[in-house]
Amino acid sequence: MIRGLEVLATGPLTVVQDLGRPGYAAVGVGRSGAADRAAYRLAGRLLGEPEGRAALEVTLGGLVLRAHGSFTVVVTGAAAPAAIDGRPVGHAAPVHLPDGSVLALGMPPTGLRSYLAVRGGIDVEPVLGSKSTDTLSGIGPGVVMAGQVLPIGEPGPDGPTLDVAPVAAPGGGVIELGLLPGPRLDWLAEPSALTAATWTVSERSDRVGMRLHGQGRTGPGHPGPGPVGPGLARAGSRVQVELPSEGVVLGGVQVPTDGFPIVFLADHPVTGGYPVVAVVRDRDIDRAAQCRPGQQVRFRWVVTAQRSMTFGQLDGISSSQP
Amino acid sequence: MPSGPDADSAAAATPEPAVGGPTHGERAGPRLLPCGESAVLIEVTDTAAAIDLARRIEVLRSHPASARPLVEDIVAGQRTVLVTAPGAAVLSDLRRAVTELVWAPMVSGDSRAAWPGEQALVEIPVGYAGPDLDVVAAHTGLTRDEVVAAHTGTDWVVGFTGFAPGFGYLVGGDPRLVVPRRAEPRPRVAAGSVALAGPYSGIYPTESPGGWQIIGHTGAVLWDLHRDPPALLRPGLRVRFVDAGGPS
């Protein structure tokens, strides 16, 4: 057998990811890439690897690999309990994976996505400059399947420089996400309804987007946790109006006609026909990517919500970034 | 093929090419809309203006005023242009540069002469034997031959993209060919299908679901990952359909 990692089991979803393929949106191809970019980058740094080597993004654990050859690996992101031949190993700590040994990731107690990086990187064929699987367009390598052997590249010249990174695991409680205004904030009847509510992450969330619903929504008119509440209402002039299709961004908070927001994640579509009312600030997108179904989410404006501006009235957003 | 395995898992994703209406009575003129910390969305009057602005923003990819790249992606929509920066640090520079371009005289209007097509032209041979050719004929009051003559007799321009990799919304065609989308989208439309909906024509680059009226088929390869660039169509390119006689 060739040198590589034989996949014995994958859990709910395991995909190869790197930093994605920026620059192709005009031809309908999104960036894709690791959903939690910070956790992915940390894995590469811990291994002393050049940035951009492909790793495995493992959703809710369940990945089991057998080593053909000996490797150095590390797990970051959601703290899936890892074991080599049944012996537990540390999180965010590079570890030696001997030839023939079996690495297994269990279900993380909190968080959604773990990153398993290998010195040398997952050496699959790049497509448009990236080894990422785009689950929306189908571009890039296929979803990782049991039975396949993942080829591993040549390690970089440096090696691990740290024994362990003292990073906090993704939280399990209510997650607060900072918002900046989106282009269509004025489509909401009450922009404050977005931040007044406590939202619940839907089972239908995926790499395309974190879908929210209203169970447990609280706030004016919703005095406490209860049944599924109403979605966000549109402004009167926008009811039953179709938004002409327009480009959307990572972290965009799109409100479809049912009123329940979707936060766009790595495999988001390039364009959309529903209003994007806000955008999650960049550093919180990684935290959104770790929210699991059933977890609660709140939004908070980190700059003053502004209506759309005409040219000449451009101040107040970039200058007041936190 | 990239037919969108999750296409219907996301209301976020448009499950078929969108057919949007015209502007709805808002004040005309470009508006710069906020779009998070590393992008701007410019709203213009119509698709022609969006194509024109998107093409002019391309010059920022090699912007001399900044050593740092300003632009990562430029996405023309039906009446918007989204410009994303590679990071929040250059957003104010990008916004300033975009503002200057927007203030430059803009092409506008909906007459064919105003479509800002570039000189480059691609000819697409089509076998006009699509399953919806009779529906289109009935709706437009034309004969099948007249539909074909209308579709081939006027050059189209690639407007905006977004439904699927390599799909371009073609604009500027014969105004008699405006037809509604099918009431029931087809779960499977073959790659190369040439279709009409609303004021647009389009060619399905890969097999996918779709709700447009299919009038023909082409053997042209719209999307090829082993080609650089992989998409045959790019915004601004002129497209001329040619009757290849019989199924192509």
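Residues numbered from 1 in each chain as written. Chains lettered and ligands numbered in written order. Predicted model: local features only at pLDDT ≥ 70, side-chain atom pairs only at ≥ 80, totals over all residues. Heavy atoms only, no water.

How should the overall build of chain A be read in this particular structure?
Across its full length, chain A holds 3 helices and 20 strands. Looking at the 322 residues of chain A, the share that counts as buried comes to 60%. At a minimum sequence separation of 6, the contacts of chain A that also span at least 24 residues come to 75%. About 11900 Å² of surface is accessible on chain A, with carbon and sulfur atoms providing 54% of the total. (Helix = DSSP H or I, 4+ residues; strand = E, 2+ residues; numbered from the N terminus. Buried < 20%, exposed > 50% of the residue type's maximum accessible area, 1.4 Å probe, protein only. Contact = heavy atoms within 4.5 Å. Areas by Shrake-Rupley, 256 points an atom, 1.4 Å probe, with all protein chains shown as cover.)

Mind showing me how you'd approach empty space enclosed by the protein here?
If you roll a probe as big as a water molecule over the atoms, it shows you where there is empty space left. Inspection of every chain in the model, using the stated rule, returns 2 cavities of 30 Å³ or more. Size it by volume and the second largest cavity reaches roughly 40 Å³. A breakdown of the residues in the lining of the second largest cavity according to their chemical character gives 7 nonpolar, 1 polar and 2 charged. (1 Å grid on protein atoms, 1.4 Å probe; cavity = no way out; pocket = protein on both sides within 12 Å on 5 of 7 lines; lining within 4 Å. Points joined across faces, edges and corners; volume = space filled by probe spheres on them. Nonpolar A, V, L, I, M, F, W, Y, C, P; charged D, E, K, R; others polar.)

Sorry, what's going on with the pattern of salt bridges here?
Pairs can form between side chains of opposite charge once their charged atoms are near each other. Residue and element names in this part refer to chain A. By the definition in use, this model includes 30 salt bridges over all chains. For glutamate 6, the salt bridge goes to arginine 66, with nearest N and O atoms at 3.4 Å. Of the two residues, glutamate 6 is situated in strand 1 (residues 4-10) and arginine 66 in strand 4 (residues 63-68); the sequence distance between them amounts to 60 residues. For glutamate 6, a relative accessible area of 15% corresponds to the buried category. Given the relative accessible area of 31%, arginine 66 is considered partly exposed. Linking glutamate 51 and arginine 41 is a salt bridge whose minimum nitrogen-to-oxygen distance equals 3.1 Å. (Salt bridge = Lys/Arg side-chain N within 4 Å of Asp/Glu carboxyl O.)

Help me out: how do you make sense of the sheet that holds strand 14 (residues 209-213) of chain A in this one?
Sheets are built from strands that pair by backbone hydrogen bonding, the pairs being arranged parallel or antiparallel. Residue and element names in this part refer to chain A. Strand order in this closed barrel of 7 strands is 12-19-16-17-14-13-20, and the pairing throughout is mixed. Taking the axes of each pair of neighbouring strands and ignoring which way they run, one obtains an average angle of 40° across the sheet. Alignment of strand 13 (residues 199-201) against strand 14, held across 2 bridges, turns out to be antiparallel. Across the sheet, the residue bridging to threonine 200 is histidine 213, located in strand 14. (Pairing = 2+ DSSP bridges. Axes fitted to C-alpha atoms, helices over the stretch in contact; angles between N-to-C directions.)

Please clarify how the nonpolar core should be interpreted in this entry.
A general tendency of soluble globular proteins is for nonpolar side chains to be buried together. Membership of the largest hydrophobic core comes to 43 residues, with the highest contact counts inside it found for A:Leu194, A:Met210 and A:Phe299. Considering each element in turn, this core owes the most residues, 5 residues, to helix 1 (residues 37-46) of chain A. If near-sequence neighbours (up to four positions away) are discounted, A:Leu194 is found in contact with A:Leu179, A:Trp199, A:Leu232, A:Val253, A:Pro261, A:Val277, A:Ala278, A:Phe299 and A:Trp301. Counting residues in each nonpolar core, the second largest holds 39 residues, with B:Leu94, B:Val98, B:Val102 and B:Ala197 among its members. (Core = buried A, V, L, I, M, F, W, Y, C linked by side-chain atoms within 4.5 Å.)

Help me understand the environment of B:Asp93, please; the structure alone is not making it clear to me.
All names here are of chain B. As for its position among the elements, aspartate 93 is in helix 2 (residues 91-103). Residues aspartate 93 and leucine 70, 23 residues apart in the sequence, show an inter-C-alpha distance of 7.3 Å. Here the side chain of aspartate 93 touches arginine 96 through a polar contact of 2.7 Å, side chain to side chain. (Polar contact = N/O pair within 3.5 Å; in protein donor to acceptor, adjacent residues only side chain to side chain.)

How should I be thinking about the domain arrangement of chain B in this particular structure?
How big an interface is tends to be stated in terms of the accessible area lost upon association of its parts. Residue and element names in this part refer to chain B. Domain annotation for chain B reports domain 1 (35-103) and domain 2 (117-243). Centre-to-centre, using C-alpha coordinates, domain 1 lies 28 Å away from domain 2. Between domain 1 and domain 2, the residue contacts involve 6 residues of the former and 11 residues of the latter. Among the residues domain 1 hides against domain 2, the three largest losses belong to Ile51, Arg55 and Gln78. Together they make up 62% of the total. Taken together, the links from domain 1 to domain 2 amount to 0 salt bridges. At the boundary of domain 1 with domain 2, the tally comes to 1 residue pair in polar contact (both at pLDDT 80 or more). (Domains from an automatic or database assignment. Buried area = accessible area lost by both parts, 1.4 Å probe.)

Can you walk me through the confidence of the model for chain B in this structure?
The predicted coordinates should not be examined in detail at positions where pLDDT is low. Residues and elements named next belong to chain B. The pLDDT averaged across chain B works out to 81; a share of 79% of its residues lies at or above 70. This stretch, residues 1-27, has a pLDDT under 50; its non-local contacts, to residues over four places away or in other chains, come to 87 contacts. This model gives residues 106-114 a pLDDT under 50, and the stretch forms 18 contacts once residues within four places in sequence are excluded. With pTM at 0.83, the complex prediction returns an ipTM value of 0.88. (pLDDT = per-residue confidence, 0-100.)

Any chance you could explain unusual backbone geometry here in plain terms?
It is generally the case that most residues other than glycine have a negative phi and that most peptide bonds are trans. Note the cis peptide between B:Asp228 and B:Pro229, where omega equals 0°. Relative to the helices and strands, B:Pro229 is located in the loop between strand 12 (213-217) and strand 13 (238-243). Its identity is not glycine, yet A:Leu60 carries a phi of approximately 55°, on the positive side. Note that A:Leu60 resides in the loop between strand 3 (55-59) and strand 4. On the basis of relative accessible area, A:Leu60 is assigned to the partly exposed category, the value being 24%. The residue A:Gln240 is not glycine, and still its phi comes out positive at about 60°. Note that A:Gln240 resides in the loop between strand 14 and strand 15 (246-247).

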